[in-house]
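Structural description and commentary
For reference, the chains in residue letters:
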Amino acid sequence: MHHFPKSLPSWVGWILPLAISFLLKLFLFFTDAVINSDGVLYLQAAQMIAEGRLIQSLSLYPMPAYPFLIAVVHTVVPDWILAAKLISLSTAATITVPIYFLTALLFDRKAAFYAAMAVAVLPSLNDISPDVIRDPCFLLLACWSVYWMVKASLTERMRGAFWAFSFSGAALLFRIEAILLFAVYLFYLAGLAVLAGGRR
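Here goes a summary of the coordinates provided. (Residues numbered from 1 in each chain as written. Predicted model: local features only at pLDDT ≥ 70, side-chain atom pairs only at ≥ 80, totals over all residues. Heavy atoms only, no water.)

**Some points on the overall build of the chain**
- On a plain count of helices and strands, the chain comes out with 11 helices and 0 strands.
- Reading the chain from its N terminus to its C terminus gives the helix and strand order α-α-α-α-α-α-α-α-α-α-α.
- By its C-alpha atoms, the chain is 60 × 45 × 25 Å across when sized along the principal axes.
- Carbon and sulfur atoms form 72% of the exposed surface of the chain, whose accessible area is close to 11,100 Å².
- Measuring between centres, the 13 positive side-chain charges of the chain sit 16 Å from its 10 negative side-chain charges. (Helix = DSSP H or I, 4+ residues; strand = E, 2+ residues; numbered from the N terminus. Areas by Shrake-Rupley, 256 points an atom, 1.4 Å probe, with all protein chains shown as cover. Lys, Arg positive; Asp, Glu negative; His and termini not counted. Charge placed at Lys NZ, Arg CZ, Asp CG, Glu CD.)

Here's what the structure looks like:
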């Protein structure tokens, strides 16, 4: 196995891509003043939640996790748009972390570093980082879910599967597409059960 590089602490491999990711997205954060069309809907739903009008918020937008998160951040960041944009920035930037650890599990620290760096400079992810959009939250949770399922399959420990399903459930609160993660995991676990039964 390759060690990358031996002279550096292991935490540098994921901290450096994370720092670069934050810097790139912070630059875009201050240069992009446009609010995407969906963002208006999310902000309206968040304001209704903050006012205690949960039913009206659900009627406007039936998946409350993202508007609720905006409302929570708004308690410490008075500007609604800024609160929402900070969520996108922070979640988009930190996607490098689960990517690093996932790649390290499958390959080595060197591959993990380059994978995290690739995600840090990924144009499509940087483009949505300053938007009022739920995708960065969903992607971060989905990546952590995949990491834990891969770890569970490698270590054969149920704790990893528990966290994989937990993160998938959280991701499902942001985007319905997360149900695909459940389908893949259940199919995988069913396959393992069949194989285990065949060996008896």
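**Re the pattern of salt bridges**
- Enumeration according to the criterion identifies 3 salt bridges in this entry.
- Linked through salt bridges whose partners overlap, the residues forming this network are Asp-135, Arg-175 and Glu-177. (Salt bridge = Lys/Arg side-chain N within 4 Å of Asp/Glu carboxyl O.)

**A closer look at helix H2 (residues 37-50)**
- Look at H2: 21 Å from first C-alpha to last across 14 residues, which is about the 20 Å you get at 1.5 Å a residue.
- All of the buried residues in H2 are Gly-39, Tyr-42, Leu-43, Ala-45, Ala-46, Met-48 and Ile-49.
- Packing partners of the buried residues in H2 comprise helix H3 (54-60), helix H4 (65-74) and helix H5 (80-94). (Expected span 1.5 Å × (residues − 1). Buried < 20%, exposed > 50% of the residue type's maximum accessible area, 1.4 Å probe, protein only. Contact = heavy atoms within 4.5 Å.)

**A few points about the environment of Ala-115**
- Examined against the element boundaries, Ala-115 turns out to sit in helix H7 (residues 109-120).
- Classification of Ala-115 as partly exposed rests on a relative accessible area of 22%.
- With 14 residues separating them in the primary sequence, Ala-115 and Phe-101 have C-alpha atoms 9.8 Å apart.
- Sequence-distant contacts of Ala-115, that is, excluding residues within four places in its chain, are made with Ile-99 and Thr-103.

**Some details on the side chain of Thr-103**
- Tracing the chain through its elements places Thr-103 in helix H6 (residues 96-106).
- The class for Thr-103 is buried, based on a relative accessible area of 13%.
- Those residues within four positions of Thr-103 in sequence are excluded, and the remaining contacts are Asp-108, Ala-111, Ala-112 and Ala-115.

**Some thoughts on the nonpolar core**
- Core analysis: the biggest nonpolar cluster contains 22 residues, and Tyr-66, Ile-70, Val-132 and Phe-174 have the highest contact counts within it.
- For this core, the secondary-structure elements that each account for two or more residues are H2, H4, H5 and helix H9 (135-155).
- Not counting chain neighbours up to four residues away, the residues in contact with Ile-70 comprise Tyr-42, Leu-43, Ala-46, Trp-80, Ala-83, Ala-84, Ile-87 and Val-132.
- Listed in part, the 11 residues of the second largest apolar core include Ala-142, Trp-148, Ala-164 and Leu-181. (Core = buried A, V, L, I, M, F, W, Y, C linked by side-chain atoms within 4.5 Å.)

**A few points about the environment of Trp-80**
- Within the element layout of this structure, Trp-80 appears in helix H5.
- In contact with Trp-80, other than residues within four places in its own chain, are Leu-43, Ala-46, Gln-47, Ala-50, Ile-70, Ala-71 and His-74.
- There is a polar contact of 3.2 Å between the side chain of Trp-80 and the side chain of His-74. (Polar contact = N/O pair within 3.5 Å; in protein donor to acceptor, adjacent residues only side chain to side chain.)

**Some details on the packing of aromatic side chains**
- For the structure on display, the rule yields 15 aromatic pairs.
- Relative to Trp-148, the ring of Tyr-147 lies with its centre 5.2 Å away and its plane at 70°, an arrangement referred to as edge-to-face. Like Tyr-147, the residue Trp-148 is buried in the burial classification.
- Put simply, the rings of Trp-14, Tyr-100, Phe-101, Trp-144, Tyr-147, Trp-148, Phe-162, Trp-163 and Phe-167 pair up and form one aromatic cluster. (Phe/Tyr/Trp six-rings, centres within 6.5 Å; stacked < 30°, edge-to-face > 60°.)

**Some remarks on the side chain of Ser-168**
- Position of Ser-168 among the secondary structure elements: in helix H10 (residues 158-172).
- At 2.6 Å, the side chain of Ser-168 forms a polar contact with the side chain of Ser-145.
- Residues within four places of Ser-168 in sequence aside, it is in contact with Ser-145, Ala-178, Leu-181, Phe-182 and Tyr-185.

**With respect to the packing of helix H1 (residues 12-31) against H5**
- As a packed pair, H1 and H5 sit with axes 8 Å apart at the nearest point and diverge in direction by 150°. As judged from the angle between their axes, H1 and H5 are roughly antiparallel. Seen along the crossing, H1 lies across H5 with a hand that is right-handed. Seen from H1, the contacting residues are Leu-18, Ser-21, Phe-22, Lys-25, Leu-26 and Phe-29; seen from H5, they are Leu-82, Lys-85, Leu-86, Leu-89, Ser-90, Ala-92, Ala-93 and Thr-94. (Axes fitted to C-alpha atoms, helices over the stretch in contact; angles between N-to-C directions. Parallel < 35°, antiparallel > 145°, perpendicular 65-115°, else oblique. Left-handed = near helix turned anticlockwise from the far one by under 90°.)

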